[in-house]
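Structural features, examined
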Amino acid sequence: MKKRGKSFWNPIRVAICVVLLFVAVGVALWAYLQGKNVAVLDPQGVVAAHEKSLMIFTLLLSLVVVVPVFTMLFTIAWRYREGNPKKVKYTPDVDGSRWMETLWWGVPIVIIGILCVVTWVSTHQLDPYRALDSKVKPFRVQVVALQWKWLFIYPDYHVASLNQLKIPAKTPVNFEITADGPMSAFWVPNLGTQTYAMTGMSAQLSLMADHAGTYRGSNSNISGTGYADMTFDVQALPTRQAFYEWAKSIANDQCREHLAWDEYEQLAKPSIVNHAVYYHLHDDKLYTDVVNKYMMTGMDMNRMNMSHSDDHGGDDDVDGGSQCGVG
Ligand SMILES: [Cu+2]
């Protein structure tokens, strides 16, 4: 083998090169992501912002291990290579180096310890069932993951929407989340935590949008054929008043469809809908009944259907008149 002179590649230089390589890859990745809309890196709400800083902290902390390990890997491989002209002292039987033992047990223990504390604290801070710190009265939305649509119910406003979620900005939103179909996951990456939607149970989640805007929401759990189309827009309106006005415009619009149990059962049949639909909500217990649907026997279901059958009467019988045009 060709002998090299004084090698350019001494271990320190190798180490510097490895570190520079990491920096270069990091900068390239950062530059690449600048042009991309990576929602988790672009938080628009207090929960997502906390989660982003948690992610970055964990990443940097793990680099404390990753960078030295890879630096050592390449340095040692180079230093003890067969063709190294230098006489490198090789001591395979070295034993009981207190300094080294302390280093390679100590560093991981310290890192795991830090991660334990950080995880413990932030898990409690970001507990989806915990109310967000805010003086504003929370806003309530009920979410039903259908096959393959999202139904959003605003029980306090007697309206509902399909594939479009409207919330007021700067207001904590308390979601109740269930499914009527395969397990799905409700996720608005700009706002934070994803939460599973499952039949027969009602999960809770608190999120808040810092300002008005439109964000993308999706199902982050594969749930069959129409899964890829199971996305929705989140429209954070500037104020609660703006939401109220929207809800009122829907409630007063005679051409909107009604939503009570019978219509719900039609809606719940598997289908893909790629646009938003707004409804008058004619059944304030709809969400509870969807949850209970999977807890009851067939006989109870029949009773439930009967109890819903006359929800359509009442004060807005004028609804659904024939004067509605298309659209
Ligand atoms: Cu109506």
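I will try to describe carefully the structure that is included in this document. (Residues numbered from 1 in each chain as written. Predicted model: local features only at pLDDT ≥ 70, side-chain atom pairs only at ≥ 80, totals over all residues. Heavy atoms only, no water.)

1. What to know about the nonpolar core
Spelled out, the test is: Residues belong to a common nonpolar core when they are buried Ala, Val, Leu, Ile, Met, Phe, Trp, Tyr or Cys residues joined through side-chain atoms within 4.5 Å. Using a 1.4 Å probe on the protein chains alone, a residue whose accessible area is under 20% of its type maximum counts as buried, one over 50% counts as exposed, and one in between counts as partly exposed. Numbering of helices and strands starts at the N terminus; helices are DSSP runs of H or I of at least 4 residues and strands are runs of E of at least 2. Any pair of residues with heavy atoms lying within 4.5 Å of one another is described as a contacting pair.
If you look at the biggest cluster of nonpolar residues, it comprises 40 residues, and the most contacted ones within it are Val141, Phe152, Tyr154, Leu165, Ile167, Phe175 and Phe186. The set of elements that each furnish at least two residues to this core consists of strand E1 (139–145), strand E2 (150–154), strand E4 (164–168), strand E5 (173–179), strand E6 (184–188), strand E8 (203–207), strand E10 (231–237) and helix H4 (240–252). Among residues more than four places away in sequence, those in contact with Tyr154 are Phe139, Arg140, Val141, Val159, Ala160, Ser161, Gln164, Leu165, Lys166, Phe243, Trp246 and Leu281. Val273, Val277, Tyr279 and Tyr287 belong to the second-largest nonpolar core, a separate cluster that totals 19 residues.

2. Side note on the environment of Val38
Structurally, Val38 can be placed in the loop between helix H1 (11–34) and helix H2 (46–79). Accessibility expressed as a relative area gives 25% for Val38, which makes it partly exposed. Put simply, Val38 and Asn190 are 152 residues apart on the chain and 8.8 Å apart in space, counted from C-alpha to C-alpha.

3. Description of the packing of H1 against H2
This is how the line gets drawn: Axis definition: a line fitted to C-alpha atoms, limited for helices to the stretch in contact. Angles are taken between N-to-C directions and run from 0 to 180 degrees. Small angles under 35 degrees read as roughly parallel and large ones over 145 as roughly antiparallel, with 65 to 115 read as roughly perpendicular and the rest as oblique. The handedness criterion is simple: a crossing whose near helix is rotated anticlockwise from the far helix by less than a right angle is left-handed, and one whose near helix is rotated clockwise is right-handed. Under the grouping applied here, Gly and all other residues not named as nonpolar or charged are polar, the nonpolar ones being Ala, Val, Leu, Ile, Met, Phe, Trp, Tyr, Cys and Pro and the charged ones Asp, Glu, Lys and Arg.
Running from N to C, H1 and H2 point in directions that differ by 140°, and their axes come no closer than 9 Å. Classified by the interaxial angle, the pair formed by H1 and H2 is oblique. Between H1 and H2 lies a crossing of right-handed hand. On H2, the residues touching Pro11, Val14, Ala15, Val18, Val19 and Phe22 of H1 are Val66, Val67, Phe70, Thr71, Phe74, Thr75, Trp78 and Arg79. Grouping the constituent residues of the contact of H1 with H2 by class yields 11 nonpolar, 2 polar and 1 charged.

4. Brief notes about the packing of H2 against helix H3 (residues 98–125)
Helix packing for two helices is described by the angle between their axes and how far apart those axes are. Look at H2 against H3: their axes get within 11 Å of each other, and the N-to-C directions meet at 175°. Compared by their axis directions, H2 and H3 come out roughly antiparallel. Residue-level inspection shows His50, Leu54, Phe57, Thr58, Leu61, Val64 and Val65 of H2 in contact with H3, the latter providing Val107, Ile111, Ile114, Leu115, Val118, Ser122 and Gln125. Of the residues belonging to the contact of H2 with H3, the class tally is 10 nonpolar, 4 polar and no charged.

5. Some words on unusual backbone geometry
Of note, the amide linkage connecting Gln147 to Trp148 takes the cis form, showing an omega dihedral of 5°. Mapped onto the elements of the fold, Trp148 is located in the loop between E1 and E2. The phi dihedral of His158 falls on the positive side, at around 60°, and the residue is not glycine. One can find His158 in the loop between E2 and strand E3 (159–162). Even without a glycine there, the phi angle at Asn163 is positive, about 60°. Within the secondary structure, Asn163 is located in the loop between E3 and E4.

All quantities given are derived from atomic positions and should not be read as evidence of function.
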